[in-house]
Amino acid sequence: MSMTSVFCDIDDFCLIFEPEWHKQLICNANKPPVISKLSLSEIMTIIIHFHQSAFRDFKHYYLNLIVKYKSDCFPNLVSYNRFVELMKQALIPLTVYLKTQCMGQPTGLSFIDSTPIVVCDNHRINSHKVFSEEAKRGKTSTGWKFGFKLHLIINHLGEILSFCVTTANTDDRKPVPDLVEELTGWLYGDKGYISEKLVAWLKEKGLNLITKVRKNMKPKELRAFDKAMLRKRAVIESVNDQLKNISQIEHTRHRSPFNFAVNLIAGLIAYTRQPRKPHIDVTALTEGLPMAF
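Read on for an overview of the structure. Everything numeric here is computed off the predicted structure, so don't read it as measured data.

Here the focus is the packing of aromatic side chains. Here the structure, examined in full by the defined rule, presents 16 aromatic pairs. Both rings, one in Phe13 and one in Tyr97, keep their centres 5.2 Å apart while their planes meet at 65 degrees; by these two values the pair is edge-to-face. One end of the pair, Phe13, is in helix H1 (residues 3-24); the other, Tyr97, is in helix H5 (residues 91-102), and 84 residues separate them in sequence. One exposure class covers both Phe13 and Tyr97, and it is buried.

What follows is the structure in structure tokens.
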């Protein structure tokens, strides 16, 4: 998606959102709102486009692409440091834009998983200050991580249906009730979601949670289709991989929790705007086996 297309879509959103948002704001006489020559839609466009670009560092992206080659598109550009200060103003608009314009539609086939969002190398935990109170240390299948955890639900088309962020030491099963409020059908997860109580609760809501069993558990009978979908559950791991390595939702250079949140939301938006996502072609079922791309 080109920068022009991103801007047009976001500007249409801001024309409706901004007037309603300003009505809800509580004015603080001691600290008036920050005013910039850059419009909100311009700020959001630059942030989102960074996560669609090949740049790995926002500073280099801003100075070497936006300032050098895109100044005609943004005639009121501010300095890099000033733009970083303005980024936190885009958090609420970006979140609303993601929730209202970018989320996928339930298809009856959903996949759930979590992935750690590291904010600091383990060797620097004691000296880390930005998230010293917010972040926690949690254990994953690849070792201990310091930071947060992104919980994600997608449909079989690779579209994001629901998400939330918790500390890294949060049990994967804890946020499930909030994530599945509008879902029905079948939900496929890994062994971290095994819970008889959770399965029974979801069943009452019309959602069937399907997971593999641990080695010390009795095997359970599954439909051939469910077995096939569990084998293709790696589709959500591919989504997590793209979120980290293409949309860049994870890095350890955050200046504040606000910038962390903006980076995460913008990365999710950039992923939803990809023309082609990891998915499972259920129309290509052959003897109960779907083909994944």
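A few words on the nonpolar core. Core analysis: the biggest nonpolar cluster contains 67 residues, and Met44, Ile47, Phe58, Phe83, Leu94 and Phe163 have the highest contact counts within it. Ranked by residue count, the leading element in this core is helix H10 (residues 257-272), at eight residues. Residues contacting Leu94, with those up to four places away along its chain left out, are Met44, Ile47, Ile48, Val262, Ile265 and Ile269. Membership of the second largest hydrophobic core comes to 14 residues, among which are Ile153, Leu183, Tyr193 and Leu198.

Listed in full, the buried residues belonging to helix H3 (residues 58-69) are Phe58, Tyr61, Tyr62, Leu65 and Ile66. All buried residues of H3 lie within an arc of 120 degrees about the axis, which places them on one face of the element. Buried residues in H3 make contact with H1, helix H2 (40-52) and helix H4 (80-86). By the N-cap criterion, in which a side-chain oxygen at the helix start approaches the backbone nitrogen of a residue two or three places on, H3 is capped by Asp57, the distance to Lys59 being 3.0 Å.

Here the focus is the environment of Glu159. For Glu159, the location among the structural elements is in the loop between strand E3 (143-155) and strand E4 (160-167). On the basis of relative accessible area, Glu159 is assigned to the partly exposed category, the value being 26%. Remark: the alpha-carbon pair of Glu159 and Gln274, spanning 115 residues in sequence, is separated by 10.0 Å. Beyond its immediate stretch of four places on either side in the chain, Glu159 contacts Gly104, Gln105, Ile153, Ile154 and Lys277. Looking at Glu159, its side chain comes within polar contact range of the side chain of Asn155, at 2.9 Å.

Orientation of H2 relative to H10, taken along the N-to-C sense of each, is 65 degrees, at an axis distance of 8 Å. When the interaxial angle is binned, H2 and H10 end up roughly perpendicular. The interaxial crossing formed by H2 with H10 has right-handed handedness. Counting all contacts with H2, which are made through Ile47, Ile48, His51 and Gln52, the residues of H10 involved are Val262, Asn263, Ala266, Gly267, Ile269 and Ala270. Classifying every residue of the contact of H2 with H10 by side-chain character gives six nonpolar, four polar and no charged.

A cluster of like positive charges, contributed by Lys191, Lys212, Arg214, Lys215, Lys227 and Arg231, occupies part of the molecular surface. For Lys212, the position within the fold is in the loop between strand E6 (207-210) and helix H8 (224-231). A residue is classified by how much of its surface remains accessible, and Lys212, at 45% relative accessible area, is partly exposed.

This part covers the environment of Asn263. Counting through the fold element by element, Asn263 comes out in helix H10. Beyond its immediate chain neighbours, meaning those up to four positions away, Asn263 contacts His51, Gln248, Ile249, Glu250, His251 and His254. A polar atom in the side chain of Asn263 sits 3.1 Å from the backbone oxygen of Ile249.

The rules behind each value
- Residue indices begin from 1 for each chain and proceed along its sequence in written order.
- At least 70 in pLDDT is required for a residue's local features to be given in this predicted model, at least 80 for side-chain atom pairs to be given and counted, and no such filter applies to totals for whole chains, interfaces and linings, which use all residues.
- Only hydrogens and water are set aside; all other atoms, that is, all heavy atoms of the structure, feed into the side-chain values.
- Two rings belonging to Phe, Tyr or Trp (six-membered ring only in the last case) form a pair when the distance between their centres is within 6.5 Å. Interplanar angles under 30 degrees mark stacking, angles over 60 mark edge-to-face geometry, and anything in between is tilted.
- What counts as a helix is a DSSP run of H or I of at least four residues, what counts as a strand is a run of E of at least two, and both are numbered from the N terminus.
- Think of it in three bands: with a 1.4 Å probe and only protein chains considered, a residue is buried below 20% of the maximum accessible area for its type, exposed above 50%, and partly exposed in between.
- Nonpolar cores were defined as sets of buried Ala, Val, Leu, Ile, Met, Phe, Trp, Tyr and Cys residues, with membership established by side-chain atoms within 4.5 Å.
- Only heavy atoms matter for contacts: two residues are in contact if any of them lie within 4.5 Å across the pair.
- Note that the arc is defined by the directions from the helix axis to the C-beta atoms.
- In protein, a polar contact requires one atom able to donate a hydrogen and another able to accept it; more generally it is a pair of N or O atoms within 3.5 Å, and residues adjacent in sequence count only if both atoms are side-chain atoms.
- Only the stretch in contact is used when a helix axis is fitted, and all axes are lines through C-alpha atoms; the angle between N-to-C directions ranges over 0 to 180 degrees.
- When an angle is under 35 degrees it counts as roughly parallel; over 145 it counts as roughly antiparallel; between 65 and 115 it counts as roughly perpendicular; any other value is oblique.
- Should the near helix be turned counterclockwise from the far one by less than a right angle, the crossing is left-handed, whereas a clockwise turn marks it as right-handed.
- Put simply, Ala, Val, Leu, Ile, Met, Phe, Trp, Tyr, Cys and Pro go in the nonpolar bin, Asp, Glu, Lys and Arg in the charged bin, and everything else, Gly too, in the polar bin.
- The residues that make up patches have over 30% relative accessible area and no salt bridge, and they are joined within 9 Å when like-charged or within 5 Å when they are Val, Leu, Ile, Met, Phe, Trp or Tyr.
- Only the protein chains shown count as cover for residues, with accessible areas throughout obtained via the Shrake-Rupley method and a probe of 1.4 Å.
- Salt bridge, as applied in this entry: a Lys or Arg side-chain nitrogen positioned within 4 Å of an Asp or Glu carboxyl oxygen.
- Positive charges come from Lys and Arg, negative ones from Asp and Glu, while His and the chain ends are left out of the count.
- Taken as the charge centre is NZ of Lys, CZ of Arg, CG of Asp or CD of Glu, depending on the residue.

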